[in-house]
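Overview (structure and organization)
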Amino acid sequence: MTGGRTRATAARVLLQLRHDPRTVALLIAVPAVLMGLLAWILHGRDHDFDTFGPQLLGIFPLIVMFLITSVATLRERASGTLERLLTMPMSKADFVLGYAIAFGLAAIVQALVVSGLCFGPYGMTVRGSAWLVVVVAVLDALLGTALGLSVSALATTEFQAVQFMPAFILPQLLLCGIIVPRAELPQVLHWVSYLLPMSYAVDATQQLSTYPSVTTQFLVDLAVVGGFLALALALGTLTLRRRTP
Amino acid sequence: MTDRASTPLPTAVQVDHLTVVRGETRAVDDVSFELHAGSLVGLLGPSGCGKTTLMRSLVGTQVLSAGSVTVLGQPAGSRSLRDQVGYVTQVPSVYGDLTVRENLSYFATVLGAPVEAVDRVLGDVDLGGQDRSIVARLSGGERARVSLATALLGSPRVLVLDEPTVGLDPLLRRSLWSLFNRLAQAGTTLLVSSHVMDEAERCERLLLMREGRLLADTTPSGLLSSTGEDDFESAFVALIEGRDPTGPDAPAGCQEGE
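Computed from a prediction, not measured in an experiment: that's the story for all the values here.

Attention shifts here to the overall build of chain B. Tallying secondary structure elements over chain B gives 7 helices and 10 strands in all. Counting only C-alpha atoms, chain B reaches 55 × 40 × 35 Å along its principal axes. Residues classed as buried in chain B amount to 49% of the 258 residues present. Partitioning the contacts of chain B with sequence separation of at least 6, the portion at a separation of at least 24 is 68%.

Moving on: the overall build of chain A. In terms of regular secondary structure, chain A is built from 10 helices and 0 strands. From first element to last, N terminus to C terminus, chain A shows the α and β order α-α-α-α-α-α-α-α-α-α. A compact globule built from 245 residues would reach a C-alpha radius of gyration of about 18 Å, and chain A, at 18 Å, matches this within 12%. For the C-alpha atoms alone, the extent of chain A along its principal axes is close to 60 × 40 × 35 Å. Looking at the 245 residues of chain A, the share that counts as buried comes to 44%.

A few words now on the sheet that holds strand β9 (residues 205–210) of chain B. Within a beta sheet, neighbouring strands are joined by backbone hydrogen bonds and run either parallel or antiparallel to one another. Residue and element names in this part refer to chain B. Spatial ordering of the open sheet is given by β6-β7-β8-β3-β9-β10, a layout of 6 strands whose pairing is mixed. Only two strands of the sheet have a single partner each, and these edge strands are β6 (85–88) and β10 (213–218). Recorded for the sheet is a direction-independent mean angle of 15° between the axes of neighbouring strands. Bridging between β6 and strand β7 (residues 158–162) involves 4 bridges; their strand directions are parallel. Counterpart to Gly86 in the pairing with β7 is Leu159. Against the sheet, helix α7 (residues 232–240) makes contact with β3 (40–44), β9 and β10, and its axis sits at roughly 45° relative to β9, the strand it touches most.

Another aspect to go through is unusual backbone geometry. Residue and element names in this part refer to chain B. Of note, Asp30 is a non-glycine position whose phi angle comes to about 55°, a positive value. Residue classification places Asp30 among the partly exposed positions, given that 15 C-beta atoms sit within 10 Å. One non-glycine residue with positive phi stands out, namely Glu211, at about 50°. Tracing the sequence through the fold places Glu211 in the loop between β9 and β10.

Helix α1 (residues 51–59) of chain B sits mainly inside the fold: 8 of its 9 residues count as buried. Just past α1 of chain B, the residue Gly60 of chain B takes up positive phi, approximately 90°.

With that settled, the discussion passes to the sheet that holds strand β2 (residues 25–36) of chain B. The 4 strands are arranged β2-β1-β4-β5 (chain B) in an open sheet whose pairing can be described as antiparallel. The open sheet terminates on both sides in strands that have one partner only, identified here as β2 and β5 (74–75) of chain B.

So, on to the packing of helix α3 (residues 48–79) of chain A against helix α6 (residues 130–151) of chain A. Residue and element names in this part refer to chain A. Where α3 meets α6, the closest approach of the two axes is 7 Å, and the angle between their N-to-C directions is 30°. The orientation of α3 with respect to α6, classified from their angle, is roughly parallel. Of the two possible hands of crossing, α3 and α6 adopt the one that is right-handed.

This brings us to the interface of chain A and chain B. Between chain A and chain B, the residue contacts involve 22 residues of the former and 24 residues of the latter. Mapped onto the side of chain A that touches chain B, the elements with two or more residues apiece are α1 (3–18) and α4 (81–87) of chain A.

What follows is about the nonpolar core. With 144 residues, the main nonpolar core has Leu143 of chain A together with Leu58, Val160 and Leu190 of chain B as its most contacted residues. With residues near it in sequence (within four places) discarded, Leu58 of chain B still touches Val13, Val69, Val71, Ala76, Val160 and Leu191 of chain B.

What follows is about the confidence of the model for chain A. Residues at a pLDDT of 70 or more form 99% of chain A, whose mean pLDDT is 91. When mean pLDDT is compared element by element in chain A, helix α8 (residues 187–194) of chain A scores highest at 96, while helix α7 (residues 158–175) of chain A scores lowest at 88.

Within the fold, Leu224 of chain B resides in helix α6 (residues 220–227). Each residue touching Leu224 of chain B, except ones within four places of it in the same chain, is listed here: Glu229 and Ala235 of chain B.

Further remarks concern the confidence of the model for chain B. Residues and elements named next belong to chain B. This prediction gives chain B a mean pLDDT of 87; 90% of its residues lie at or above 70. The weakest mean pLDDT in chain B belongs to α7 at 84; the strongest belongs to helix α2 (residues 100–111) at 96. pLDDT under 50 marks residues 247–258. Its contacts with residues more than four places away, or in other chains, come to 25 contacts. Across the whole predicted complex the pTM is 0.88, and at the interface the ipTM reaches 0.89.

Attention shifts here to α1 of chain A. Given 3.6 residues to a turn, an α-helix orients residues that are three or four positions apart in the same direction. The first and last C-alpha atoms of α1 of chain A sit 22 Å apart over 16 residues, in line with the 22 Å expected at 1.5 Å per residue. All buried positions along α1 of chain A are accounted for by Arg5, Thr6, Ala8, Thr9, Ala10, Arg12 and Val13 of chain A. Buried residues along α1 of chain A sit against α5 (92–119) of chain A together with α2 of chain B.

Criteria and thresholds
Residues numbered from 1 in each chain as written. Chains lettered and ligands numbered in written order. Predicted model: local features only at pLDDT ≥ 70, side-chain atom pairs only at ≥ 80, totals over all residues. Helix = DSSP H or I, 4+ residues; strand = E, 2+ residues; numbered from the N terminus. Buried ≥ 20, exposed ≤ 12 C-beta atoms within 10 Å, placed from the backbone. Contact = placed C-beta atoms within 7 Å. Rg over C-alpha atoms; globule rule 2.2 N^0.38 Å. Pairing = 2+ DSSP bridges. Axes fitted to C-alpha atoms, helices over the stretch in contact; angles between N-to-C directions. Parallel < 35°, antiparallel > 145°, perpendicular 65-115°, else oblique. Left-handed = near helix turned anticlockwise from the far one by under 90°. Core = buried A, V, L, I, M, F, W, Y, C linked by C-beta atoms within 7 Å. pLDDT = per-residue confidence, 0-100. Expected span 1.5 Å × (residues − 1).

This is the structure in structure tokens:
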């Protein structure tokens, strides 16, 4: 792995985004509008937006980044550019980290704009630090990118790639505690929820909504999400193949 | 076609009893040959005869079933070969949403090639005027040339080109073949595949494939004389149909016939 090739790959992915302003606009507008819609739905229902807002602020970017990364990687496979890169002096980690850095930077912009709207005009408040909510949102977006990189190897067509979103993300959404608090889930599902990264992402924002200072639980949540992120990036590296049958 | 001194040249590529099984079919079936450094060799055969699988084996992206492929003294696909072997796939493998120059600059960084290489290869494939165009908006032939230019960036010692001239107009084809000749004269080893038999005359040596097997290892004039035909298409058809390919006039390099 060389810093130059990782950096060049990140710059190339960002350049591709720059040539596609509509995707960039959607990347920011979709979560912004969705959060606005949520604020409107919960308007007048005392503190509901303060409860659900921060949780979904972390989840929308995860879903968007998961989809975008799966499609981008599939495009690299289908166009032969991935195979070409892997015949060149490029390590698999250069490729995976290049994507993670580029989409991570996009996620920072996205998180800043959407949180700015939530904490500003949408009127969301948390007891903890608003900046830490932004940090969790960026980490969640990165997790979405890493999960997208690791599962995209399993998809051979666009139809399959798109269906990985409901397959890999929606079960986590059902079990992460937004619909039913995790402690109230049936026993087996409660255990399963411990294995899913989104449970910790959502719990981290709940900690920020509830407590004015940083809790140990919040730090544990953050560490677990970071661990899942590293694991998914490693898996994304392992699933790239230089030789194919 | 160039005829150069017959002094023995070092071997750049050695394929030894290579077999690749893909699913139920033997895509490459017990193929052996050598390529000398600085040679320009054509790989001809009908679509689906195993040309692409053979080429992928040379660049190290294909899982081999049996046999071996050695490139510049190393097993094909070795880490040390990754900036020595250039590969152009049949379908242009470049980023459609970037400009020509952005594509080339990125691949130059990956290859560790100097920045000046971008302008050199743009000139080589005659795309200097379109360097700021988005690749997806170019014609098919132009896209193919961007893909070819990418493989030329690092000045590779071995170039594996899968149908690089398909769909190009005759003028461009001529200019690309003279580029291939120049590269070979400078010492680059080129294996160029085509299913257009007319391109045979532009190579100094021909490998003819059918159904995964090497049908003949010959020269353009050898192919014509052994089959008694006047043009390459008829000669190839004659060879495929098994009309006397191993007769008394068969070239010495001819390995097998059916």
